[in-house]
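Coordinate inspection notes
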Amino acid sequence: EAITVGELAKRMDEKGADLVKSLFKMGMAVTVNQTVDQDTAELLVTEFGHNIQRVSESDVEIGIEGDEDKDADLKPRPPVVTIMGHVDHGKTSLLDALRGTDVVAGEAGGITQHIGAYQVKTKEGTEITFLDTPGHEAFTAMRARGANVTDIVIIVVAANDGIMPQTIEAINHTKAAGVPMIIAINKMDAEGADAKNVRARLLEHEVVVEEMSGDVQDVEVSALKRTGLDELMEKITLQAELLELKANPDRAAEGTVIEAKLDKGRGPVATILVSRGTLKTGDIFVVGAESGKVRAMVNDKGEQVKEAGPSVPVEVLGLSGVPGAGDPLTVVPDEARAREVAEYRADVLQRARTTQTPTSVENMFSAMAEEQAIEFPVVIKADTQGSVEAIIGSLENISTDDIRVRVLHSGVGGITESDVTLASASKVPIIGFHVRANAKAREVAQRDNVKFKYFDVIYDLIDEIRGEMAGELGPEK
Ligand code: GDP
């Protein structure tokens, strides 16, 4: 029994493109017009939080319970913020300093618990959720698994050090994810701090801050002296308001694993960031290929809680095993269903892994073409800055009205693991000009199905990319 992705989307009342995206995350390259088998269809249905009514093995019916939340049910939810930036620019210090601004923790003198994320109550009474694993590796690895939990990225730049390679990487990862950024110019207390220079240099990376009449918010801070923190919190709140972040708290919960581990005394535990609904003790759930029942929940202040609503991170006890970071959690009606869905996911994911068709950028873009102009994203690494610029210039020249090259990231030097993770998250090829991938990068690329394209002559590079772009447009264009 097979069903087209388009038909399935219609029955589920979801967008075809969203299903296609989900399938890509599972490593299946299909368009809306292609069919998927029954197991895959069921997996998709559960991924989207619908119910499956399995009448018999070969007869699947999908019960739609109006899964889309009605506008009237949506309530504002706190923003989820990730901090990125170059090593030693103060990511960890800023996370600690911001945590210290929490008015509630301040009063209670609470014992902080490191569960992978924490919430801070602002002076205005709003909440902000911070993921406390700094750096873009975690961010991009989560995104590669389909978990886009971050609403806003704070890019920390040390005012006395300026824009460094990992600053640029962080900017590119953030842009690739389409998440708004706020620039925190840190170490303003340090000797040689030069915020002006930071702002000017950001221009070179197409980040135009407010002071330069752009629309990226920036704020001068010192994590050490704890200055500018209120202003940073205000800017986050402002950005969150612009995003109009909302979720329905009154429904069965869905969320994402932020981190998970096997605890000696407590068994498997996972920090879940709730995306919609409210997670309650006693809830039965599926998480990745594991299942469970919420035995207890502990928040970031070390307190036992009975409920966790949208954007609230909680450590959950009562899992059958340790899920992976980025795995989705879905609350289901009963244990039988939980086991069934978990087995399914394990099974289908296993098959998706073993029979994985190399993820085809072609298909993805033909599927998305219905909605938007086609982009041909690439990551470029080359031996010199001059080569990088020459390649970008030439690729811009071969872009047309129908399809255009989008450089997600470029840099000088060999291809590294970080390049591969970024390429993998966005399912794009990496172009190496006079450079090759290192061993670790090759290993990760093999696992994640990332393609390298090596060139030594610019003309060959342009020729091949032009050919691929034409191929993606199809014969009709
Ligand atoms: P990370 O690698 O980005 O997480 O950076 P850390 O938070 O570990 O900070 C690196 C170093 O910079 C530490 O020695 C911090 O004490 C110092 N540092 C962080 N923030 C500030 C600041 O605002 N002013 C000064 N002067 N030093 C800072």
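For the structure, check the block above.
Now for a quick tour of the structure.

So, how was this worked out
Residues numbered from 1 in each chain as written. Predicted model: local features only at pLDDT ≥ 70, side-chain atom pairs only at ≥ 80, totals over all residues. Heavy atoms only, no water. Near = heavy atom within 4 Å. Polar contact = N/O pair within 3.5 Å; in protein donor to acceptor, adjacent residues only side chain to side chain. Areas by Shrake-Rupley, 256 points an atom, 1.4 Å probe, with all protein chains shown as cover. Nonpolar A, V, L, I, M, F, W, Y, C, P; charged D, E, K, R; others polar. Pairing = 2+ DSSP bridges. Helix = DSSP H or I, 4+ residues; strand = E, 2+ residues; numbered from the N terminus. Axes fitted to C-alpha atoms, helices over the stretch in contact; angles between N-to-C directions. Parallel < 35°, antiparallel > 145°, perpendicular 65-115°, else oblique. Contact = heavy atoms within 4.5 Å.

What about the site of the ligand?
Near the ligand lie 15 residues; those nearest to it are D88, K91, T92, S93 and D189. Within the backbone of G90, an N or O atom sits 3.0 Å from an oxygen atom of the ligand. The separation between an oxygen atom of the ligand and a polar side-chain atom of S222 is 3.2 Å. Within the complex, 72% of the 590 Å² of free accessible area of the ligand lies under protein. Within the shell around the ligand, the residues separate by chemical class into 4 nonpolar, 7 polar and 4 charged.

Topic: the sheet that holds strand 7 (residues 117-121)
Hydrogen bonding along the main chain pairs the strands of a sheet, whether they run parallel or antiparallel. If you trace the 6 strands from one edge of the open sheet to the other, you get 7-8-6-9-10-11, paired in mixed fashion. Looking at the sheet topology across the chains shown, the edges are occupied by strand 7 and strand 11 (217-220). Averaged over neighbouring strand pairs, the angle between their axes works out to 30° when direction is ignored. Of the pairings in the sheet, the one linking strand 6 (residues 80-85) to strand 9 (residues 152-158) comprises 5 bridges and is parallel in character. Across the sheet, residue I83 finds its bridge partner in strand 9, namely I154.

Here we look at the packing of helix 7 (residues 165-177) against helix 13 (residues 417-426)
The contact between helix 7 and helix 13 brings their axes to 11 Å, and the two run at 10°. Considering their axes alone, helix 7 and helix 13 lie roughly parallel with respect to each other. Between helix 7, through E169, H173 and A176, and helix 13, the contact on the second element is made entirely by S418, L422 and S426. Across the contact of helix 7 with helix 13, the residue classes tally to 2 nonpolar, 3 polar and 1 charged.

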